[in-house]
Amino acid sequence: MMQPAQTTPSLRIKTYYSPTVEEAIQQARRDLGDDAMLLRSRRSSGEGQSLGEYEVTFALSPLPEPVPSQPAPEETVVFRQRLTLPEPPAAPSQPPPLPAASGLSQYPGLPVSPIPASLNPHGIQLYIRLTGQEIPPDTALSLATAVQDALPPFPDDAQIELALRSELIRRIPPPLPVLHWATPLRAAIVGPPGAGKTSLVLKLAWRYGLEVRRPVEIWSLDGARIGAGAQLARYAELLGFTYRSFESTAGFMQALFGAPSDRLRLIDTPGFTRGERPAAAELASVLNANPEVETHLVVPASLRPEEMRRVVNRFRFFQPRSLVFSRIDEAPVFGALWELSAHSGLAASFFSAGQRIPEDLLPATPERMAALVTRSAKEPGSHSLEKGR
């Protein structure tokens, strides 16, 4: 149930809490009319989370007092009644402009980002969709402008979707060969605690080892932690994989630089916290010194965009080859994933969702990434990986 909140008659600013940005836009048009200007859309926080998933704010300039010569004054009265606003004071012949950001002091931290005037109707719709996907306004404007400029004079929906997907694909890094016979057969999986690294190791072992009859070794560096690696060891034994546990970086380094092997070696690393940076840096130096190891950074798609960026910055010294987005089934939108790949310059290698092995693992191709962004923008609440095929 959508709930409006925080209405200011003098500025005519209204904030909606809604399950989706699209529903808030539709309700605002019913309440405020087509001249409503989108100021900001963002995830709800604090007490607002109980009201709706998204906090979406709109504004209108105050209405001037109708003059006698104007036809159909009743329409203006009905509009005001629907807004439940009192009669405005006498106004000049021209409506005053929307107040500057300083006039929004009762909304701390709320930057005014109206829909840019450079966009045509198609660009406006694209801009709203993209910002609703948690793509930053500047990037959304750049995307919407590029797409609207590439469209024919009277595009249909299919042409708009094709142009948008093409632009999304063009702006993210191309895919890299991953765990291929012609590339190194050693992969380290790094990321924060609880990101889904261990389940990813098992999915990769099945998909790129068992299914193609390639010998697999699973190495765990969590041996020094009580109970760590026990579940992974049981799964490895059940599936017929060789399992090795290391309690020190020195022992791991000696094994890593040993005789080359045609086996697929998957390295499950600890979930380093911020306070464990020295230990993480020591391991990173070992991995980075071995060019035959490709490192993949696991980022939960369920995190907020700013939290995902912090994860990438925190694990940069591992020099990851790619991003793996886990918990795709828990992601509210997918635009933040696209933006992270585009902004970081790191290609996405896999999407992981759920616990099924190996069904819940798909290659993160640019085409699948763009499809997830565009389809989820039109179908809120749709999180299936199949929709990105």
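Bear in mind the structure is a predicted one, so any value in this text is a computation, not a measurement. (Residues numbered from 1 in each chain as written. Predicted model: local features only at pLDDT ≥ 70, side-chain atom pairs only at ≥ 80, totals over all residues. Heavy atoms only, no water.)

## Points about the overall build of the protein chain
Alright, step 1. From N to C terminus, the protein chain includes 12 helices and 12 strands.
Alright, step 2. Out of the 389 residues in the protein chain, the part that is buried amounts to 47%.
Alright, step 3. Counted over contacts in the protein chain with a minimum sequence separation of 6, partners at least 24 positions apart contribute 70%.
Alright, step 4. Accessible surface, the protein chain: about 18,800 Å² in total, of which carbon and sulfur atoms supply 54%. (Helix = DSSP H or I, 4+ residues; strand = E, 2+ residues; numbered from the N terminus. Buried < 20%, exposed > 50% of the residue type's maximum accessible area, 1.4 Å probe, protein only. Contact = heavy atoms within 4.5 Å. Areas by Shrake-Rupley, 256 points an atom, 1.4 Å probe, with all protein chains shown as cover.)

## Structural notes on helix 5 (residues 157-170)
Alright, step 1. With 14 residues, helix 5 should cover 20 Å at 1.5 Å per step; its first-to-last C-alpha distance of 20 Å lies within 8% of that length.
Alright, step 2. Of all the positions in helix 5, only I160, E161, A163, L164, E167 and L168 are classed as buried. All buried residues of helix 5 project into a common sector of 165° when viewed along the axis, lining one side. Away from its buried face, by an angle of more than 90 degrees, helix 5 presents the exposed residues A158, L162 and R170. (Expected span 1.5 Å × (residues − 1). Arc of directions from axis to C-beta.)

## What about the nonpolar core?
Alright, step 1. Judged by nonpolar contacts, the single largest core of 69 residues is most densely connected at F252, V299, F318, F325 and L337.
Alright, step 2. Ignoring sequence-local partners within four residues, the contact set of F252 consists of W219, L221, F246, I267, L283, V286 and L287.
Alright, step 3. Counting 20 residues, the second largest nonpolar core, distinct from the first, contains V201, L204, F241 and L361. (Core = buried A, V, L, I, M, F, W, Y, C linked by side-chain atoms within 4.5 Å.)

## Digging into the pairing of strand 11 (residues 348-352)
Alright, step 1. Burial analysis of strand 11 places five of its five residues in the buried class, the great majority of the element.
Alright, step 2. Of the pairings in the sheet, the one linking strand 10 (residues 322-326) to strand 11 comprises three bridges and is parallel in character. Looking at the pairing, L323 lines up with A348 of strand 11.
Alright, step 3. With helix 11 (residues 335-344) bridging strand 10 and its parallel neighbour strand 11, the resulting β-α-β unit is right-handed.
Alright, step 4. As judged from the three bridges shared by strand 11 and strand 12 (residues 361-363), these two strands associate in the antiparallel manner. What sits directly across from F351, in strand 12, is L362. (Pairing = 2+ DSSP bridges. Right-handed = clockwise from strand over helix to strand, strands pointing away.)

## Concerning the pattern of salt bridges
Alright, step 1. In total, this model carries eight salt bridges according to the counting rule given.
Alright, step 2. The partner of R171 in a salt bridge is E167, and the shortest N-O contact between them spans 2.7 Å.
Alright, step 3. Classification of R171 by relative accessible area gives partly exposed; the value is 25%.
Alright, step 4. Residue E167 is classed as buried on the basis of its relative accessible area of 11%.
Alright, step 5. We note a salt bridge from R309 to E339, for which the minimum N-O separation is 3.6 Å. With R309 in helix 10 (residues 305-314) and E339 in helix 11, this residue pair connects regions lying 30 residues apart in the sequence.
Alright, step 6. Given the relative accessible area of 30%, R309 is considered partly exposed.
Alright, step 7. Judged by relative accessible area, E339 falls into the buried class, the value being 8%.
Alright, step 8. Among the ionic contacts, a cluster of salt bridges with common partners joins E167, R170 and R171. (Salt bridge = Lys/Arg side-chain N within 4 Å of Asp/Glu carboxyl O.)

## As for the sheet that holds strand 9 (residues 293-300)
Alright, step 1. Read from one edge to the other, the open sheet built from eight strands follows the order 7-6-8-5-9-10-11-12, with strand pairing classed as mixed. In this open sheet, the two edge strands, each paired with only one partner strand, are strand 7 (242-245) and strand 12. Across the sheet, the mean angle from the axis of one strand to that of its neighbour is 20°, orientation sign disregarded.
Alright, step 2. Pairing of strand 9 with strand 10, which is carried by five bridges, proceeds in the parallel orientation. Each bridged residue has a counterpart across the sheet, and for P300 the counterpart in strand 10 is S326.
Alright, step 3. The sheet strands contacting helix 6 (residues 197-210) are strand 5 (186-190), strand 6 (216-220), strand 8 (264-268), strand 9, strand 10, strand 11 and strand 12, and the helix crosses strand 8 at an angle near 175°. (Axes fitted to C-alpha atoms, helices over the stretch in contact; angles between N-to-C directions.)

## Points about the confidence of the model for the protein chain
Alright, step 1. Scored by pLDDT, the protein chain comes out at a mean of 76, with 72% of its residues at no less than 70.
Alright, step 2. Looking over the protein chain, one finds the lowest element-wise mean pLDDT in helix 2 (residues 73-83), namely 30, and the highest in helix 5, namely 95.
Alright, step 3. Counted against residues more than four places away or in other chains, residues 63-112, with its pLDDT under 50, gives 62 contacts. (pLDDT = per-residue confidence, 0-100.)

## Regarding the packing of helix 3 (residues 121-132) against helix 5
In a packed pair of helices, the relevant descriptors are the angle between the two axes and the axis-to-axis distance.
Alright, step 1. Put simply, helix 3 and helix 5 touch, their axes get as near as 12 Å, and they point 55° apart. When the axes of helix 3 and helix 5 are compared, the pair comes out oblique. In the crossing of helix 3 with helix 5, the sense of the turn from one axis to the other is right-handed. Side by side, helix 3 and helix 5 meet where H122, L126, R129 and L130 of the first sit next to I160, E161 and L164 of the second.
Alright, step 2. Counted by class, the contact of helix 3 with helix 5 contains four nonpolar, one polar and two charged residues. (Parallel < 35°, antiparallel > 145°, perpendicular 65-115°, else oblique. Left-handed = near helix turned anticlockwise from the far one by under 90°. Nonpolar A, V, L, I, M, F, W, Y, C, P; charged D, E, K, R; others polar.)

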